[in-house]
Structures are given as structure tokens and as C-alpha cells.
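# Architecture at a glance
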Amino acid sequence: MSDSIDDRPSESSEIPYSFARTAGVGEIRRSFADLGPGESTGVVYSVAGRIMLLRRQGKIAFAELRDSSGHIQLFTGADVTENFDKFVDLSLGTWIGATGEVITTRRGELSLKVQRWVVLAHAERGFGDKWHGVTDPDTRYRQRYVDLWANPEVREIFVKRSKIISEMRHYLEGKGFMEVETPLLHSVAGGALAKPFTTHHNALDMDLFLRIAPELYLKRLVVGGFEKVFEIGRVFRNEGISPRHNPEFTMLELYQAYADYHVMMELTEDLVSHLGQVICGSTVISYQGRELDLTPPWKRVTMEEIVSEQLGREVCVSMGLSELSAIAVEHEIFVSPSWGPGKVLLEIYEKIAEHTIWDPVFVCDYPLEVSPLSRDHRSKHDMVERFEVIIAGRELANAFSELTDPAEQRRRFLHQVAQHIEGDEEAMGMDEDYLRALEYGLPATGGLGIGIDRLVMLLTDQSQIREVVAFPTMRPEQDR
RNA sequence: GCGCCUCUAGCUCAACGGCAGAGCAACGGACUCUUAAUCCGCAGGUUCUGGGUUCGAAUCCCAGGGGGCGCACCA
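Everything numeric here is computed off the predicted structure, so don't read it as measured data. (Residues numbered from 1 in each chain as written. Chains lettered and ligands numbered in written order. Predicted model: local features only at pLDDT ≥ 70, side-chain atom pairs only at ≥ 80, totals over all residues. Heavy atoms only, no water.)

## Side note on the sheet that holds strand 6 (residues 178-179)
Strands pair in a sheet through their backbones, by hydrogen bonds, and they do so in one of two ways: parallel or antiparallel. Taken together, the 8 strands give an open sheet; going across it, the order is 6-10-11-18-17-16-15-14, and neighbouring strands pair in mixed fashion. The two strands at the open ends of the sheet, each matched to only one other strand, are strand 6 and strand 14 (299-302). Relative to strand 10 (residues 228-236), strand 6 is paired through 2 bridges, and the arrangement is parallel. Residue pairing in the sheet places Met178 in a bridge with Val229 of strand 10. In the packing of helix 15 (residues 452-460) onto the sheet, the strands contacted are strand 11 (248-257), strand 16 (383-391), strand 17 (394-401) and strand 18 (445-451), and the crossing angle to strand 18 comes to about 60°. (Pairing = 2+ DSSP bridges. Helix = DSSP H or I, 4+ residues; strand = E, 2+ residues; numbered from the N terminus. Contact = heavy atoms within 4.5 Å. Axes fitted to C-alpha atoms, helices over the stretch in contact; angles between N-to-C directions.)

Here is the structure:
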């Protein structure tokens, strides 16, 4: 293997710099779907892809050529195909370009009767067992380029991921939203409660954080007069890796001036059900063997209601810290002395209620204490106008009526800073420029964030985030 | 970070204290309509690494490394 490069210098020099492909194999399959057995069409195409199977039968041979659109059989014979002896000698995995007539074989298999062919790349390594493929997760995630050939269904997930994001853009632009880009390097880690990655800028000699959310910059753009903005981009959180968490993941965040969280609910259920319809062909989809109904309108409940329902007794944030803490302890929830009643209520909710939800639910009205960027609820004391969307027991989206009052935002930041000093690594820092922006005036604004990876998991029926991220974060390989 | 499981040929897997094996891939050969083609032949190993127990270790024990699952954290 290691000396193979020296073995064929001449072959490498014969690799062409381009190949004039005239069709993808999927296109040919669609055009000639109705041919009977043993037909010749007189139509000639040039295709390109990898040889994935090769069956020799004396002076003829059959090969399976696969490209990104599917696979087609190549029919070759000593009397029809140039360099037939070399063709049957090809290793599985070799990229070739082939030109020939569309035919069907006696058994009715749509094939290309190859007249000319050329090697486009040699495969010095094999793609694993032709029946079992490659199943080792380590190999699959580290060498996705192998996984994509060895396990064709993997390809479909990434095609769908691309369509989901593309359709999302199309949908939002259709609603008058403008796509923007904001910094990934932040001098203050804000916009979410999470531990940031730290990096360093040499020329400025300053530490910077990889963003944990684009939120504060997007709202600055609303202050600047862009009324409907969105960003689809990577965010980074320095936390554990799990089947549902990758340290870098993709979020959609959008902001709409003059809107509140009720508008965000309508937008969310319309967007997600639309994506279900486009990607899965229905707003009723199948997830992990179970039916899941994305059809709007989605159920709306308050956090206090759903917790009360699960506990079988009335629970609200105003019942006070000691009583809520007692309930938490009853359910084996750790309660930190620094927590107020709002945080305790959130913990109870996450422990006992969140996982019980299957079909989409808007869980509304969060404690102010755990929502430093959300606007006070217009009728409930110590609560904010915020909701999360829970689907299949997981948080998919987070949204609120944005806090617009600079003085109140300053108080919230100060509280966060105090929390940080007390050891809460996820608490936000003070962002003076953001406060200054609010002082110029932010109108009523609705904001929404959707975890794209989890949305893709939902619409592609995957239970692990690593299946929808092409190159998930992994430890570096040891010596190989 | 903690707990449980796992790592054997390029790939998929056997052997579970007694000679490290099979199928596929690779390599050599036969075959003019195959569909994971078939048939014949040949080759392929630091059983993740390092210690230990034992007459004898892929197998049992300890430590380390990779991976998976669960918990914790979060989206």
C-alpha cells in the first residue's frame, strides 16, 4: 500500500484535468424509467462516479457506477468496450468517467453500454465490506468521506439538511426578512447562558470569545433600523458532548420589530410545519418509530400550568423559595443556595415536565430570574414573555418579547455579573455597548432562536446530533 | 466530569483459559446477461497499549488510550 504511489506514476499522469459529463445517473434513471428488458435506445451519455461493484462474466462485465444522484449499471464487453481487460481489473472505489448508450439488459436492468471510459481517480483504500459497509462509529464520523460511500443513506441526511436550510432562507426572505452576518469573535460573551470558548487576538493583545449567540448584535441591527433580520450561523458553547450536543452547532436567530412573542409563536409553528411539509411531504411525520404531528396550531401552556399538571397540585413562582425548594428536593433536584424561586421552578419543570412532551408545545411565561434578555410579562409579576418549543421531549426553539428598556437591562446585567462573580460560569458579562444601543431606542421586538441541528434530527428521523453534523467534534486521532 | 459496555485481518464478525478463524475486499486464475454473481487458488495479525495472574491469556486482573450508552451540563 505504501509503495503504490511509486508503482503507478504513469497512471497518475494519465488522469485527466476535466471530464465532460453529460448527465447524472439519477437523471438517466428518470428519463428511461419505463424501458422493458433487452432494449437499445440509441441515446449516448457520459457519466462519472465511483465503481462500487464489479462482476466479470468472461468476455463481458457488469459494474455499478455511483454518483451523488444514485447508481446505474455499466455493461461492458470485450467487443464493445475499449481497454476491456483494464476495465475488469479496476479496483472497487475507482472514479471513472464512462461514455455509452443507454440500454436495458436481458434481465431488464437499466445500463450504460460503455464504449469509452477513463480513470478519474484511483482508490488506494477500500470502502469496507460491500454488504455491511462500515459501521464503526469512530470511522464513520472521522472519515465521513468513507461513510458517505459505504452507507448511502447517510448521503440523504446531508441532502435534506441542505434543503432544510435552503427552504428556511427562502421562507424567511418571502416574509420580508433580510439575512445578515454578525461577529463570531466577541469581546463579551452574551446573548445566552453558556460557557464560552476563549481565544486571543495577537495584534490587539486581547482575549476574545467565540460567540455563544448572535442575539445582542442582531438586536443592535434592529436599533439601526433593519426591522426584520435573521442569521443562520455557527455558535460555540464550551460544554459537554452528548448524543444531543456538539460544541459548535448551527442556530437560526431572527428578530422582528413591532412584534411580540405571540407573533413569534405563529411564525415558529408556520415555519416548522412548512418545513415538515416540504421535506417530509406532510406535517405529520414519523420520528423514532412514533407519529409526530407538526400541524398548527400547536398547544400553548404556561410553565406553571404544565408543572402543576405533572405534580397534581397548584404550583407558581409566587409561592416562594422555601416551598418550591421543598418540591424540588422531593424530586431529587439539587438546589443551590444562590438560586431564587424562578430558577428552582425552571429546574422542576425541566426535570419532571419537559420529557413528557411529544407533539409540539409552546411552554410559555418563564421566570424573570432566568431570562435576562426578555421583557417583563405584561400581566404577571416576576415573569417574562418568553416561550420554548418542546418537541419529542427536547427543546427546539427559544423566543421572547425582547427587553427594550435600557435601565432594566442594566439591572439584569448587573445581576448576571454578580452571579458570575459567585461562580456561575454561564452568567453573562456586562455589555455597555449593547446598553448604549438600547438607549438609542429599540422598539417592541420579537426574537426567535431555533437549533438547526435538532430541527434536522427531527426531520430526518435521527436520534443523534452526530448523524446530522458532517464532521462532529472528536478528540484528535492518536498515532496512525 | 461520574457510571456501565466495548476494542480481534482493510471491512463485517467468530473463537470466551488450551494451535487466532470465517465471509467480503485485495492478489492469481476460470466463466458472454450479472444483481452482495459463482467457482478454484493464494495471501493477510503487536487480538488498542503497557503491566500482572497462570504451565499456558484475544479470553482473567490492574493502569492508560479510542469509541458507544446513561447521568450531569446545555440547545
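The discussion continues.
## Things to note about helix 14 (residues 432-440)
Those residues of helix 14 lying buried are Tyr434, Leu435, Ala437 and Leu438. Looking down the long axis of helix 14, one finds its buried residues gathered within 155° of arc, a one-sided arrangement. Counted as exposed and oriented over 90 degrees from the buried face of helix 14: Glu439 and Tyr440. At its buried positions, helix 14 is contacted by helix 8 (215-223) and helix 13 (406-421). Positive backbone phi, at 110°, marks Gly441, one or two positions downstream of helix 14. (Buried < 20%, exposed > 50% of the residue type's maximum accessible area, 1.4 Å probe, protein only. Arc of directions from axis to C-beta.)

## Quick notes on unusual backbone geometry
Cis geometry marks the peptide bond from Pro296 to Pro297; its omega dihedral reads -5°. Relative to the assigned elements, Pro297 resides in the loop between strand 13 (290-293) and strand 14. A positive phi is found at Asn83, a non-glycine position, where the angle reads about 50°. Tracing the backbone through its elements, the reader meets Asn83 in the loop between strand 3 (70-77) and helix 4 (84-87). For Asp365, which is not glycine, the phi dihedral falls at a positive 70°. Topologically, Asp365 is positioned in strand 15 (residues 361-367). Residue Asp365 is classed as buried on the basis of its relative accessible area of 4%.

## Overview of the environment of Ile279
Note on placement: Ile279 falls in helix 9 (residues 261-280). Expressed as a C-alpha distance, the spacing of Ile279 and Ile164, which sit 115 residues apart in the sequence, is 7.0 Å. Ignoring any residue separated from it by four or fewer positions in sequence, one finds Ile279 in contact with Lys160, Lys163, Ile164 and Leu459.

## Let's talk about the protein's contact with RNA strand B
Inspection of the region around RNA strand B gives 45 residues, with Arg107, His245, Arg454, Gln464 and Arg466 positioned closest. Among all atoms of RNA strand B positioned within 4 Å of the protein, those belonging to sugar or phosphate total 53%. The separation between a base nitrogen of RNA strand B and a polar main-chain atom of Arg56 is 3.0 Å. In the environment of RNA strand B, a sugar or linking oxygen lies 3.2 Å from a nitrogen or oxygen atom belonging to the side chain of Arg142. Of all the elements in the fold, those that place two or more residues in the surface near RNA strand B are strand 1 (40-57), strand 2 (60-67), strand 3 and helix 5 (137-142). For the surface near RNA strand B, a count of residues per class yields 13 nonpolar, 13 polar and 19 charged. (Near = heavy atom within 4 Å. Polar contact = N/O pair within 3.5 Å; in protein donor to acceptor, adjacent residues only side chain to side chain. Nonpolar A, V, L, I, M, F, W, Y, C, P; charged D, E, K, R; others polar.)

## Observations concerning the pattern of salt bridges
Counted by the stated rule, this structure contains 28 salt bridges. Between Lys219 and Glu215 there is a salt bridge; the shortest N-O distance is 2.8 Å. Taken together, the residues Lys219 and Glu215, both in helix 8 and 4 residues apart, mark about one turn of the helix. Pair check on accessibility: Lys219 and Glu215 agree, each one buried. The structure contains a network of salt bridges with shared partners spanning Arg140, Arg144, Asp147 and Glu467. (Salt bridge = Lys/Arg side-chain N within 4 Å of Asp/Glu carboxyl O.)

## Considerations on the packing of helix 10 (residues 303-311) against helix 12 (residues 341-352)
It is the contact of helix 10 with helix 12, at a shortest axis distance of 10 Å, that shows an interaxial angle of 55°. Relative to helix 12, the element helix 10 is oriented oblique. Every pair of crossing elements has a handedness; the one defined by helix 10 and helix 12 is left-handed. For the pair helix 10 and helix 12, contact is made by Met303, Glu304, Ile306, Val307, Gln310 and Leu311 and by Leu345, Leu346, Ile348, Tyr349 and Ile352, respectively. (Parallel < 35°, antiparallel > 145°, perpendicular 65-115°, else oblique. Left-handed = near helix turned anticlockwise from the far one by under 90°.)

## A short note on the sheet that holds strand 2
Reading around the barrel, the 5 strands line up as 1-2-3-5-4 and close back on themselves, with mixed pairing between neighbours. If you compare each strand with its neighbour and ignore which way they point, the axes differ by 50° on average. Of the strand pairs in this sheet, strand 1 and strand 4 (residues 95-104) are connected by 8 bridges, and their pairing is antiparallel. Note that in strand 4 the partner of Val47 across the bridge is Ala98.

## As for the state of the cysteines
Here the structure, examined in full by the defined rule, presents 0 disulfides. The cysteine Cys364 is free of any disulfide, with Cys316 supplying the nearest cysteine sulfur at 17 Å. Given the relative accessible area of 6%, Cys364 is considered buried. (Disulfide = S-S within 2.5 Å.)

## Observations regarding the side chain of Ser111
With respect to the element layout, Ser111 can be found in strand 5 (residues 110-121). Here Gln73 takes part through its side chain, which lies 3.1 Å from a polar atom of the side chain of Ser111. In this view, Ser111 contacts Ile72, Gln73, Phe75, Glu101, Val102, Ile103 and Thr105; residues no more than four positions away in its chain are not counted.

Structural measurements only, silent on function.
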